[in-house]
Every structure is written in structure tokens, then in C-alpha cells.
Amino acid sequence: MTVSSAPGKVYLFGEHAVVYGEPAVPCAVERRATVTVEAREDDRIRVEASDLSLDGFTVEYGGTTDRRPDVDVPASLLDAATGYIDAAVEQARDAADAPDAGFDVTIESDIPLGAGLGSSAAVVVAGIDAATRELGAPLDREELADRAYRAEYEVQDGEASRADTFCSTMGGAVRIEGDDCRRIDAPNLPFVVGFDGGAGDTGELVAGVRALREEYGFAADTVESIGDIVRRGEALLADADPEATPTEGLLTELGRLMDFDHGLLEALGVSSRTLDNMVWAAREAGAHGAKLTGAGGGGCIVALDETQETSTALRYTAECENAFRAELDREGVRVEGA
Ligand SMILES: Nc1ncnc2c1ncn2[C@@H]1O[C@H](COP(=O)(O)OP(=O)(O)O)[C@@H](O)[C@H]1O
Ligand SMILES: C[C@@](O)(CCOP(=O)(O)O)CC(=O)O
Ligand SMILES: [Mg+2]
């Protein structure tokens, strides 16, 4: 039995624009998906994902004769739910050159689903890591990140950047621009996350931005402007001491850029009333800045505030179901209980 875990992330800035080759800076945060993998005697896959919506599910499928899952739910629902794990298992089988390997897979996660915190990437990264280790063929982090990206790319029909999977694998703050992925030094920023209890459909939201960008030159310019915000932000981070507490000046400037980024994401149609209300609640509580994180549509916002004010205000905001501080996770994927 092998257990691996990988963190979720928040976007300091750059989501959506990163899909079109602009840079982005996601930061891994200390909320993890943990995947337990046990090799089986046969070639079937059994998945237990108790945190999934629909009150969780357990499903067994695969094998050469019967590839149908043995549960009675619509195929589309099941595909959506098992897609990422399926893709992770396929990557692990391919990497270990074990096309018929079967597994019992158990997923536990404290990352809300589809809420912009990269739950899919964390599940895929931890899943591939655990499955390849279980097969005696562990991957180095570069290959793991690359295979996790390919898994997400496949499930999301080609609408995926390397950002989430690279960040979840490596931990810390990272910078993504096309295929160029690197870790960057960043101080421990005081992230506060607000969660509206909802979710957005990443594929649909990305497709919406793509359509706008093709229809309007100014939407394409908006995407480029998000890139400009990221370039400005990363210059600020590069000048900061990664070991020191971030200065008030740095937080003020990063916050302004986050506010700007949120405005542009809103213009691109990926915010929502609940996300906007949480963003405004955070700003009014004195946060340095606030924006949606991830695909949008519903889910989470991220704000910068070293005090408790933003968390408290968010908890009193009707649209906010849960608010918590998210510490930077510098570790990335790890083996549990070894
Ligand atoms: N705990 C979990 N157990 C099983 N699958 C999960 C879990 N968390 C996430 N997933 C998979 O990831 C999908 C959500 O990913 P996505 O829509 O990209 O949102 P995000 O990455 O922003 O959380 C879920 O529909 C599910 O397939
Ligand atoms: C919108 C996008 O930039 C980020 C999506 O993040 P999440 O899956 O909502 O956590 C898409 C991508 O980069 O693959
Ligand atoms: Mg995702």
C-alpha cells in the first residue's frame, strides 16, 4: 500500500490568461488531497472517493471483459467523477510499463471540489505518485508534473495549462508561462480564502473566455493585460526577501494588482455575484486586495490580509460558507506514513 498527498493552490494572479501563453503565479497552500493505492491481483480499478458530491461513491471497473462500472448512475456523471483518477491510473500504468496493473484507490481530500483550489490537480498528482511508487517505478518530480499535466489536459479536452499540476507537485510559489515552469522565491503571503460552497465548470469557463477572445479584440487585449499584471507582480516578488515577513508596501502593491486582476476576470465573464460579494466583503474588511481564484463561476476567492479582519468579515457574509487562512505549502507532493 502506498499513500501520497499533494496540495491545492490559490492563484496570486494569472488564471485563464495562462491558457493563452501569458504568465501566471499560483501558490500551493496547505490543503491536501491524499490518495491511497494498493495493487490488486487482477486488472480492475476500485475507487473510493467519499468526499465527492452525491455523498461520495465507491466504484469498481476495468478488466479486459467488463469495462463498465458496477454502479447504477448515468454514464456522464460517472465519467466526470472518475475522469481524473482514470487518467492518473493510465499515466501510472504507462510510466511503469504495466498496462494491466489493477488498483484499489482511496481518495480523501480537504480541498473543496471545483472551487478554484486545484482539487483535480492535487488528486492527479498524488494519484500518479502513489500508483507509480506502488508499482516500484517512482517518478522524479519533473516527470510527475508532466504526466499529471497530460492527465488533466486529456480530461479537460485540451483546456488545461501546466499551472495547477506543476504547482501541486513542486509546492511553493511557481511561475508558469506556456511550457516554461519554475519555482520562484516568495515570502509567506497572508492568504485568506473565502468559499461560497459552490463550484464552477472549468472546461466551460475556459471555453467562454476563448469565445470572447476570438470575438472581440478588446477581450484578447484584456487577456494580455492580465499578463502585464503578472509581470508587474512577479517583479515585486523578485525584489522581496523570501525569508522575511512581507512588508506593508509589498502587500499593498500586490493587493492592488489582485484587485485589478479580479476586475479583468470579471470583464471576461468568469466571476459571479457570490464571488464578487465575497471580494467586496474582503476589501471592505481592510484586505490589501481580493480576487477570485481558479476558473471562477463560483467557489473561492483569495484575499491578502495579515489580520483576522477579512476572515471574520467573510464569515459574516451571507454568500460565504467557509473562510480560512491558507498557509503557503513549500513541500508539494509527499509520501505519507513511509
Ligand atoms: N476528493 C476527491 N475525490 C475524487 N475526485 C476528486 C476529488 N477532488 C477532486 N476530484 C476530481 O476533480 C474534479 C474537480 O476539478 P476541477 O473542476 O478542475 O476543479 P478544481 O480543480 O478547481 O477543484 C472533480 O469533479 C473530481 O473529478
Ligand atoms: C482557468 C485555469 O487557468 C485555472 C483553473 O483552475 P481550477 O481548476 O479552477 O483550480 C485553467 C488552467 O490553467 O488550466
Ligand atoms: Mg482543476
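Residues numbered from 1 in each chain as written. Chains lettered and ligands numbered in written order. Predicted model: local features only at pLDDT ≥ 70, side-chain atom pairs only at ≥ 80, totals over all residues. Heavy atoms only, no water.

For the protein chain, the name recorded in an unreviewed UniProt entry is Mevalonate kinase, with Halopelagius fulvigenes as its organism.

(A) Main features of the overall build of the protein chain. The number of helices and strands found in the protein chain is 9 helices and 12 strands. Over its C-alpha trace the protein chain gives a radius of gyration of 20 Å, about what one expects of a compact globule, namely 20 Å for 338 residues. Seen through its C-alpha atoms, the protein chain measures out along the principal axes to roughly 60 × 40 × 40 Å. Across the protein chain, contacts joining residues at least 24 apart in sequence account for 73% of those joining residues at least 6 apart. Surface exposure of the protein chain reaches about 14300 Å², of which carbon and sulfur atoms provide 45%. One finds the centroid of the 29 positive side-chain charges in the protein chain at a distance of 2 Å from the centroid of its 66 negative side-chain charges. (Helix = DSSP H or I, 4+ residues; strand = E, 2+ residues; numbered from the N terminus. Rg over C-alpha atoms; globule rule 2.2 N^0.38 Å. Contact = heavy atoms within 4.5 Å. Areas by Shrake-Rupley, 256 points an atom, 1.4 Å probe, with all protein chains shown as cover. Lys, Arg positive; Asp, Glu negative; His and termini not counted. Charge placed at Lys NZ, Arg CZ, Asp CG, Glu CD.)

(B) Representation of the site of ligand 2. Near ligand 2 you find 16 residues, and of these Lys9, His16, Gly118, Ser161 and Ala295 are the closest. Here His16 contributes a backbone N or O atom positioned 2.9 Å from an oxygen atom of ligand 2. Separating an oxygen atom of ligand 2 from a side-chain N or O atom of Ser161 is a distance of 2.5 Å. When ligand 2 sits alone it has 380 Å² of accessible area, and the protein chains cover 95% of it. Where the shell around ligand 2 is concerned, the elements lending two or more residues are strand 1 (2-13) and helix 5 (202-215). For the shell around ligand 2, a count of residues per class yields 7 nonpolar, 6 polar and 3 charged. (Near = heavy atom within 4 Å. Polar contact = N/O pair within 3.5 Å; in protein donor to acceptor, adjacent residues only side chain to side chain. Nonpolar A, V, L, I, M, F, W, Y, C, P; charged D, E, K, R; others polar.)

(C) Summary view of the side chain of His262. Of note, His262 is situated in helix 7 (residues 248-267). One polar contact links the side chain of His262 to the main-chain amide nitrogen of Leu292, over a distance of 3.1 Å. Once residues lying within four places of it in the same chain are set aside, the contact partners of His262 are Ser271, Asp276, Val279, Arg283, Ala290, Lys291 and Leu292.

(D) Representation of the environment of Glu108 in the model. Mapped onto the secondary structure, Glu108 falls in strand 5 (residues 103-109). Residue classification places Glu108 among the partly exposed residues on the basis of a relative accessible area of 43%. Sequence spacing of Glu108 and Ser120 is 12 residues, and the spatial spacing of their C-alpha atoms is 12 Å. Aside from chain neighbours lying at most four places away, what touches Glu108 is Arg32, Ala33, Thr34 and Asp51. (Buried < 20%, exposed > 50% of the residue type's maximum accessible area, 1.4 Å probe, protein only.)

(E) Geometry of the environment of Pro112. Note that Pro112 resides in the loop between strand 5 and helix 2 (119-134). The spacing of Pro112 and Ala267 is 155 residues in sequence and 25 Å in space, taken between C-alpha atoms. When sequence neighbours within four positions are dropped, the list of residues in contact with Pro112 reads Leu117, Ser119, Phe195 and Cys300.

(F) Region of the structure containing the packing of aromatic side chains. In this structure the tally under the stated criterion is 2 aromatic pairs. Residues Tyr216 and Phe218 carry aromatic rings whose centres are separated by 4.7 Å and whose planes lie at 15° to one another, so their mutual orientation is stacked. Over the face of the ring belonging to Phe324 we find Arg31, whose NZ or CZ atom lies 3.8 Å from the ring centre. (Phe/Tyr/Trp six-rings, centres within 6.5 Å; stacked < 30°, edge-to-face > 60°. Lys NZ or Arg CZ within 6 Å of the ring centre and 35° of its normal.)

(G) Focus on the nonpolar core. Among the nonpolar cores identified, the biggest contains 89 residues, and Leu12, Phe13 and Phe191 are the most heavily contacted of them. Top element by residues in this core is helix 2. It accounts for 8 residues. Residues from two domains meet in this core; each of domain 1 (2-184) and domain 2 (191-326) gives at least three. Sequence-distant contacts of Phe191, that is, excluding residues within four places in its chain, are made with Val10, Leu12, Cys27, Val29, Val302, Ala303, Leu304, Phe324, Arg325 and Ala326. (Core = buried A, V, L, I, M, F, W, Y, C linked by side-chain atoms within 4.5 Å. Domains from an automatic or database assignment.)

(H) Up close: the UniProt feature "binding site: ATP" (unreviewed entry) in the protein chain. Residues annotated by UniProt as "binding site: ATP" (unreviewed entry) correspond here to Pro112, Leu113, Gly114, Ala115, Gly116, Leu117, Gly118, Ser119, Ser120, Ala121 and Ala122. Position of Leu117 among the secondary structure elements: in the loop between strand 5 and helix 2. Classification of Leu117 as buried rests on a relative accessible area of 2%. Along the chain, the position of Ser120 falls in helix 2. Discounting chain neighbours no more than four positions away, the residues touching Ser120 are Tyr84, Glu152 and Gln156. (UniProt positions renumbered as here; feature names shortened; annotations may be inferred.)

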